[in-house]
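Structural description and commentary
The lines below spell out each chain.
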Amino acid sequence: MKPQEIEKIIESLADKRVFALLIGVTQEGEIVLRPIGGEWGSGIINAIQEMNEKYPNCKMKLLEEDYTNWNKYFKGIVDREQLI
(Lines give C-alpha, C1' and ligand atoms only; values in the text may rest on other atoms or scores of the structure.)
Protein backbone atom coordinates (compact mmCIF):
# COMPACT_ATOMS: atom_id res chain seq x y z
CA MET A 1 0.00 0.00 0.00
CA LYS A 2 1.12 3.53 -0.70
CA PRO A 3 1.91 5.76 2.30
CA GLN A 4 -1.00 8.13 1.54
CA GLU A 5 -3.41 5.17 1.41
CA ILE A 6 -2.19 3.94 4.78
CA GLU A 7 -2.53 7.42 6.29
CA LYS A 8 -6.13 7.71 5.03
CA ILE A 9 -7.00 4.30 6.47
CA ILE A 10 -5.43 5.07 9.84
CA GLU A 11 -7.32 8.37 10.02
CA SER A 12 -10.57 6.56 9.18
CA LEU A 13 -10.16 4.31 12.22
CA ALA A 14 -11.03 7.33 14.39
CA ASP A 15 -14.40 7.62 12.58
CA LYS A 16 -17.21 6.48 14.91
CA ARG A 17 -18.86 4.73 11.96
CA VAL A 18 -15.85 2.44 11.35
CA PHE A 19 -16.29 -0.68 13.49
CA ALA A 20 -13.90 -3.22 12.00
CA LEU A 21 -10.64 -3.61 10.12
CA LEU A 22 -9.83 -6.39 7.67
CA ILE A 23 -6.10 -7.08 7.45
CA GLY A 24 -4.69 -9.01 4.53
CA VAL A 25 -1.25 -10.38 3.74
CA THR A 26 -0.73 -10.98 0.03
CA GLN A 27 1.25 -13.86 -1.47
CA GLU A 28 4.09 -11.35 -1.91
CA GLY A 29 3.99 -10.41 1.79
CA GLU A 30 2.39 -6.98 1.34
CA ILE A 31 0.09 -5.85 4.17
CA VAL A 32 -3.31 -4.60 2.99
CA LEU A 33 -5.77 -2.80 5.29
CA ARG A 34 -9.52 -2.42 4.63
CA PRO A 35 -11.68 -0.51 7.13
CA ILE A 36 -15.30 -1.58 7.48
CA GLY A 37 -17.96 1.03 8.18
CA GLY A 38 -18.33 4.70 7.35
CA GLU A 39 -17.37 5.71 3.83
CA TRP A 40 -15.90 2.23 3.26
CA GLY A 41 -19.27 0.47 3.51
CA SER A 42 -20.45 -1.71 6.35
CA GLY A 43 -20.55 -5.16 4.80
CA ILE A 44 -17.98 -7.46 6.36
CA ILE A 45 -18.65 -10.25 3.87
CA ASN A 46 -18.42 -7.78 0.98
CA ALA A 47 -15.05 -6.57 2.27
CA ILE A 48 -13.76 -10.14 2.51
CA GLN A 49 -14.95 -10.90 -1.03
CA GLU A 50 -13.39 -7.67 -2.30
CA MET A 51 -10.02 -8.46 -0.70
CA ASN A 52 -10.08 -12.03 -1.99
CA GLU A 53 -10.77 -10.79 -5.54
CA LYS A 54 -8.04 -8.14 -5.44
CA TYR A 55 -5.50 -10.36 -3.68
CA PRO A 56 -6.28 -14.02 -4.44
CA ASN A 57 -5.22 -16.51 -1.76
CA CYS A 58 -4.19 -13.77 0.67
CA LYS A 59 -4.28 -14.48 4.39
CA MET A 60 -6.88 -12.43 6.28
CA LYS A 61 -7.66 -11.37 9.82
CA LEU A 62 -10.74 -9.47 10.99
CA LEU A 63 -10.52 -7.05 13.91
CA GLU A 64 -14.04 -6.12 14.95
CA GLU A 65 -15.12 -3.69 17.65
CA ASP A 66 -16.80 -5.39 20.55
CA TYR A 67 -19.64 -3.17 21.70
CA THR A 68 -19.27 -4.47 25.27
CA ASN A 69 -15.87 -2.75 25.52
CA TRP A 70 -17.42 0.09 27.54
CA ASN A 71 -18.42 -2.17 30.40
CA LYS A 72 -15.35 -4.41 30.22
CA TYR A 73 -12.57 -1.84 30.02
CA PHE A 74 -13.56 1.82 30.16
CA LYS A 75 -16.42 2.12 32.67
CA GLY A 76 -15.31 3.81 35.87
CA ILE A 77 -12.12 5.15 34.25
CA VAL A 78 -13.33 7.52 31.52
CA ASP A 79 -16.65 9.07 30.50
CA ARG A 80 -18.58 7.15 27.86
CA GLU A 81 -18.44 10.26 25.64
CA GLN A 82 -14.66 9.78 25.38
CA LEU A 83 -15.08 6.59 23.35
CA ILE A 84 -14.77 6.93 19.59
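Keep in mind it's a predicted model, so treat the numbers as computed, not measured.

Quick word on the side chain of S12
- Here S12 shows up in helix α1 (residues 3–12).
- In this structure S12 comes out as buried when scored by relative accessible area, which is 10%.
- Setting aside residues up to four positions removed in sequence, S12 forms contacts with V18, P35 and W40.

What about the side chain of R34?
- Within the element layout of this structure, R34 appears in strand β2 (residues 31–37).
- Assessed through its relative accessible area of 9%, R34 is described here as buried.
- Among the polar contacts listed, one links the side chain of R34 to the backbone oxygen of W40, at a separation of 3.1 Å.
- A polar contact is formed between the side chain of R34 and the side chain of E50, at a distance of 3.2 Å.
- Ignoring sequence-local partners within four residues, the contact set of R34 consists of A20, L21, L22, W40, G41, A47, E50 and M51.

A short note on the sheet that holds strand β1 (residues 18–25)
- Across the sheet, 3 strands lie side by side as β2-β1-β3; this open sheet has antiparallel pairing. Each edge of the open sheet carries a strand with a single partner, namely β2 and β3 (59–64). For this sheet the average axis-to-axis angle between neighbouring strands, irrespective of direction, equals 20°.
- Of the pairings in the sheet, the one linking β1 to β2 comprises 7 bridges and is antiparallel in character. When the sheet's bridge partners are listed, L21 is paired in β2 with P35.

Points about the pattern of salt bridges
- A full pass over the atoms with the stated rule returns 4 salt bridges.
- With its nearest N and O atoms 3.4 Å apart, the salt bridge here joins E39 to K8. One end of the pair, E39, is in the loop between β2 and α2 (44–54); the other, K8, is in helix α1, and 31 residues separate them in sequence.
- The partner of R34 in a salt bridge is E50, and the shortest N-O contact between them spans 3.2 Å. Of this pair, R34 sits in strand β2 while E50 sits in helix α2, and the two are 16 residues apart along the sequence.
- Beyond isolated ion pairs, a larger network of salt bridges with shared partners links R34, E50 and K54.

Rules and cut-offs
- Residues numbered from 1 in each chain as written.
- Predicted model: local features only at pLDDT ≥ 70, side-chain atom pairs only at ≥ 80, totals over all residues.
- Heavy atoms only, no water.
- Helix = DSSP H or I, 4+ residues; strand = E, 2+ residues; numbered from the N terminus.
- Buried < 20%, exposed > 50% of the residue type's maximum accessible area, 1.4 Å probe, protein only.
- Contact = heavy atoms within 4.5 Å.
- Polar contact = N/O pair within 3.5 Å; in protein donor to acceptor, adjacent residues only side chain to side chain.
- Pairing = 2+ DSSP bridges.
- Axes fitted to C-alpha atoms, helices over the stretch in contact; angles between N-to-C directions.
- Salt bridge = Lys/Arg side-chain N within 4 Å of Asp/Glu carboxyl O.

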